[in-house]
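For reference, the chains in residue letters:
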Amino acid sequence: MKTRLIDGKKMADEMLDDVREQVSGLPRAPRLAVVLVGDNPASLVYVKNKVKASQRAGIRTDVYRLSPVLTQDALEAFINDLNADGDIDGILLQLPLPAHLNADAAIERIAPDKDVDGLTTHNLGRLMVGAPNLAPCTPLACLHLIKKACPKLAGKNAVIVGRSRLVGRPLGQLLLAHDCTVVQAHSHTKNLAQVCARADILVAAAGHARLIGRRHVKRGAVVIDVGINRVGDRLVGDVNRAAVTGVARAVTPVPGGVGPMTIAMLMYNTLRACRRGEAKSA
Ligand code: NDP
């Protein structure tokens, strides 16, 4: 079987251009506040990529760099101020935070309607009851890539390897909402290869380099690789792409798959948050 590569970079650029076009019809550009605590080198790169994407999408992004020794109270007070600022549509708290800070508590401070990362319990709960508000960006990115390769999702068997709050769990809810039969695998799952081999859609989000090989993939499956793992000086996914080529129908590359699409979804969520804010204040 010929295995098609799903080009996440190209799809992300298309989405950014689409957001830009929609922004051009708004009375003002949406505004995103990115809060970066400390100077984690990986976070600096991620934030730079977000700023670059926002420029393409016509979204104004302000990066607030806060001291690595900031207290929890000061961080939460800062977020409260952003919540109260009527010019700011979206707030993103760049993770991870320095170890002395409680990320979950800080995320909870973000007003749900400005939570463009979709990680507050309010927004995750909305997803859970089938009434989504702002959903998390990486699961949205996975769904978008999946739909490209597999437009009709109803009745498909989906297996997600991973059950994190950030990726696995919310993606399970999104696929369930699209009438897939969802299996959520994790570190206690027995016979992982057998479980995965039933999937029409297989999503690897374990953070375990090349965990998914040929044995895990059903012939003709769509394989989405969320993992980002550093092996030596290279970034590799959770899928051994060489091994699944010829078995899978389509697969996302790492890098160039879920990563850029996730950032595009952040811009899309910011546009949505802005639109809703405008509608409320009208
Ligand atoms: P977490 O560490 O929070 O969760 C990993 C999940 O995978 C857990 O549910 C864990 O199970 C499960 N798991 C770990 N090892 C195995 C295994 N051997 N077999 C089966 N299940 C396993 O990670 P995240 O969800 O935050 O991220 C996952 C990966 O995706 C990482 O590589 C991360 O860097 C990447 N990522 C990429 C993004 C992108 O934009 N491309 C965005 C976000 C993340 P259990 O619950 O039992 O511990």
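Residues numbered from 1 in each chain as written. Predicted model: local features only at pLDDT ≥ 70, side-chain atom pairs only at ≥ 80, totals over all residues. Heavy atoms only, no water.

Student: What should I look at first to understand the side chain of Asn133 in this one?
Tutor: Relative to the assigned elements, Asn133 resides in the loop between α5 (121-128) and α6 (137-149). Judged by relative accessible area, which is 5%, Asn133 ranks as buried. Those residues in contact with Asn133, other than ones at most four positions away along the chain, are Pro112, Asp113, Asn123, Arg126, Arg272 and Arg276. (Helix = DSSP H or I, 4+ residues; strand = E, 2+ residues; numbered from the N terminus. Buried < 20%, exposed > 50% of the residue type's maximum accessible area, 1.4 Å probe, protein only. Contact = heavy atoms within 4.5 Å.)

Student: Sorry if this is basic, but what is going on with the sheet that holds strand β7 (residues 201-204) here?
Tutor: Across a sheet, paired strands are connected by hydrogen bonds in the backbone, their directions being either parallel or antiparallel. Across the sheet, which stays open at both edges, the six strands sit in the order β1-β11-β8-β7-β5-β6 with parallel pairing between neighbours. Both outer strands of the open sheet, β1 (4-5) and β6 (181-185), are each paired with one neighbouring strand and no more. Strands β1, β7, β8 (222-225) and β11 (250-251) of the sheet are contacted by α6, whose axis makes an angle of about 155 degrees with β8. Sheet strands in contact with helix α7 (residues 168-177) are β5 (157-161), β6 and β7, and its direction is about 170 degrees off that of β6. (Pairing = 2+ DSSP bridges. Axes fitted to C-alpha atoms, helices over the stretch in contact; angles between N-to-C directions.)

Student: Honestly, the packing of aromatic side chains in this entry has me stumped. Any pointers?
Tutor: For any pair of aromatic rings, the description rests on two quantities: the centre-to-centre distance and the angle between the ring planes. The tally for this structure, following the rule as stated, stands at one aromatic pair. A ring pair is formed by Tyr64 and Phe78, whose centres lie 5.4 Å apart and whose planes are at 65 degrees; its orientation type is edge-to-face. Pair noted here: Tyr64 is in strand β3 (residues 60-66) and Phe78 is in helix α3 (residues 72-84), with a separation of 14 residues, a long-range link. By relative accessible area, Tyr64 is classed as partly exposed at 23%. With relative accessibility at 23%, the residue Phe78 sits in the partly exposed group. (Phe/Tyr/Trp six-rings, centres within 6.5 Å; stacked < 30°, edge-to-face > 60°.)

Student: Looking at this structure, how should I read the site of the ligand?
Tutor: Contacts to the ligand come from 23 residues, most closely from Arg163, Ser164, His186, Ser187 and Ile228. Separating an oxygen atom of the ligand from a side-chain N or O atom of Ser164 is a distance of 2.5 Å. With respect to the ligand, the backbone of Ile228 contributes an N or O atom lying 3.0 Å from an oxygen atom. Bound to the protein, the ligand loses 69% of the 920 Å² it would expose on its own. No other element matches the three residues that helix α10 (residues 258-281) contributes to the shell around the ligand. In the shell around the ligand, the residues fall into 10 nonpolar, 12 polar and one charged. (Near = heavy atom within 4 Å. Polar contact = N/O pair within 3.5 Å; in protein donor to acceptor, adjacent residues only side chain to side chain. Areas by Shrake-Rupley, 256 points an atom, 1.4 Å probe, with all protein chains shown as cover. Nonpolar A, V, L, I, M, F, W, Y, C, P; charged D, E, K, R; others polar.)

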